[in-house]
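Letter by letter, the chains look like this.
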Amino acid sequence: MKELLRTTDPTLIAFATVLLEGEGIAAFPLDVHMSVLDGSLGILPRRLMVADQHHFRATAILRDNDVPLDL
């Protein structure tokens, strides 16, 4: 698994997941429940992971759709 995206914006994770699943790429959000630790302030980033063999294509899909990939 490779990290594709890291953000504190939950809507960006959802948008990227839908884009990737529409192209047949399984995306796995991590750290979704970490808001319990930060008191629901949203300061801990969430990560979106994809399989190693899909990373290059997934990156291209997100860039084509203007999703910022600030890693």
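Our structure's up above, just so we're on the same page.
What counts, and where the lines are drawn
- Residues numbered from 1 in each chain as written.
- Predicted model: local features only at pLDDT ≥ 70, side-chain atom pairs only at ≥ 80, totals over all residues.
- Heavy atoms only, no water.
- Helix = DSSP H or I, 4+ residues; strand = E, 2+ residues; numbered from the N terminus.
- Buried < 20%, exposed > 50% of the residue type's maximum accessible area, 1.4 Å probe, protein only.
- Polar contact = N/O pair within 3.5 Å; in protein donor to acceptor, adjacent residues only side chain to side chain.
- Contact = heavy atoms within 4.5 Å.
- Pairing = 2+ DSSP bridges.
- Axes fitted to C-alpha atoms, helices over the stretch in contact; angles between N-to-C directions.
- Salt bridge = Lys/Arg side-chain N within 4 Å of Asp/Glu carboxyl O.

Student: Looking at this model, I keep getting lost on the side chain of Thr17. Mind explaining?
Tutor: Structurally, Thr17 can be placed in helix H1 (residues 10-22). For Thr17, a relative accessible area of 13% gives the class buried. At 2.7 Å, the side chain of Thr17 and the backbone oxygen of Ile13 are in polar contact. If sequence neighbours within four positions are ignored, Thr17 has contacts with Ala27 and Leu48.

Student: How should the sheet that holds strand E3 (residues 46-50) be read in this particular structure?
Tutor: Consider a sheet: its strands pair through backbone hydrogen bonds, and that pairing is either parallel or antiparallel. The strand order E1-E3-E2 describes an open sheet built from 3 strands, whose pairing is antiparallel. Strand pairing shows two members of the sheet lacking a second neighbour, strand E1 (2-7) and strand E2 (27-30), which therefore form its edges. Strand after strand, the sheet turns through a mean of 25° between neighbouring axes, direction not considered. As paired elements, E2 and E3 share 4 bridges and run antiparallel to each other. Bridging from a neighbouring strand, Phe28 pairs with Met49 of E3.

Student: Where do I start with the side chain of Thr7 in this structure?
Tutor: With respect to the helices, strands and loops of the structure, Thr7 is situated in strand E1. A distance of 3.1 Å separates the side chain of Thr7 from the backbone nitrogen of Asp9, its partner in a polar contact.

Student: In this structure, what is going on with the environment of Leu48? I would like to understand it.
Tutor: Relative to the assigned elements, Leu48 resides in strand E3. Judged by its relative accessible area of 0%, Leu48 falls in the buried class. Sequence separation between Leu48 and Glu3 is 45 residues; the distance between their C-alpha atoms is 6.0 Å. Not counting chain neighbours up to four residues away, the residues in contact with Leu48 comprise Lys2, Glu3, Leu4, Leu5, Ile13, Ala16, Thr17, Leu20, Ala27, Phe28 and Pro29.

Student: I would appreciate a short explanation of the pattern of salt bridges in the present structure.
Tutor: Two side chains bearing opposite charge may form a pair once their charged atoms approach each other closely. All chains considered together, the criterion is met by 3 salt bridges. Arg57 is the salt-bridge partner of Glu23, the closest N and O atoms lying 3.8 Å from each other. Of the two residues, Glu23 is situated in the loop between H1 and E2 and Arg57 in helix H2 (residues 55-64); the sequence distance between them amounts to 34 residues. Residue class for Arg57 comes out partly exposed when judged on its relative accessible area of 39%. A salt bridge links Arg47 to Asp31; its shortest N-O distance comes to 2.7 Å. Of the two residues, Arg47 sits in strand E3 while Asp31 sits in the loop between E2 and E3, which places them 16 residues apart along the sequence. Taking relative accessible area as the criterion, Arg47 reaches 23% and is therefore assigned partly exposed.

Treat this as a map of the structure, not an account of what it does.
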